[in-house]
Amino acid sequence: VDAFQAWCGPCRTVVDLFQRIRNEVGSNLLHFAVAEVDSIDALEGYRGQCQPVFLFYAEGELMAVVRGVNAPLLQKTILEQL
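Identification of the chain as TXND6 protein from Mionectes macconnelli is taken from an unreviewed UniProt entry.

See the structure below:
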């Protein structure tokens, strides 16, 4: 989940990375979503941050968090979580 604030919008740069990895590993294993933290009370803790935050969930549980756009770290985290 790309957790973003309305004033900065979702991180479009990372969408291509997620799509490439999803194509490589299969569409049933990886899902990408965006969530505006200003409108979701459960994500209130991520408000007021000036960097993108990527939340990795499995079976409804938060498994990992990556702060900032770091393509190698995001790719590593995705593959580890899969």
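Draft legend 1. Seen up close, the packing of aromatic side chains. Counting across every chain of the model gives two aromatic pairs. With 4.4 Å between their ring centres and 35° between their planes, Phe18 and Phe32 make a pair best called tilted. With Phe18 in helix α1 (residues 12–25) and Phe32 in the loop between α1 and β2 (34–36), the pair connects residues that are 14 residues apart, well separated along the chain. Here Phe18 falls in the buried class, since its relative accessible area comes to 5%. The exposure class of Phe32 is partly exposed, given its relative accessible area of 30%. Measuring from ring centre to ring centre gives 6.2 Å for Phe18 and Phe54, while their planes differ by 35°; the resulting arrangement is tilted.

Draft legend 2. Local environment of α1. If you check α1, its first and last C-alpha atoms are 21 Å apart, about what 14 residues at 1.5 Å a residue would give, namely 20 Å. Those residues of α1 lying buried are Val14, Leu17, Phe18 and Ile21. Summarising the axial view, the buried residues of α1 lie within an arc of 95°, below the 170-degree limit, and thus occupy one face. Those residues of α1 that are exposed and aimed more than 90 degrees away from the buried face are Arg12, Asp16 and Asn23. Packing partners of the buried residues in α1 comprise β3 (53–58) and α2 (71–81).

What counts, and where the lines are drawn
Residues numbered from 1 in each chain as written. Predicted model: local features only at pLDDT ≥ 70, side-chain atom pairs only at ≥ 80, totals over all residues. Heavy atoms only, no water. Phe/Tyr/Trp six-rings, centres within 6.5 Å; stacked < 30°, edge-to-face > 60°. Helix = DSSP H or I, 4+ residues; strand = E, 2+ residues; numbered from the N terminus. Buried < 20%, exposed > 50% of the residue type's maximum accessible area, 1.4 Å probe, protein only. Expected span 1.5 Å × (residues − 1). Arc of directions from axis to C-beta. Contact = heavy atoms within 4.5 Å.

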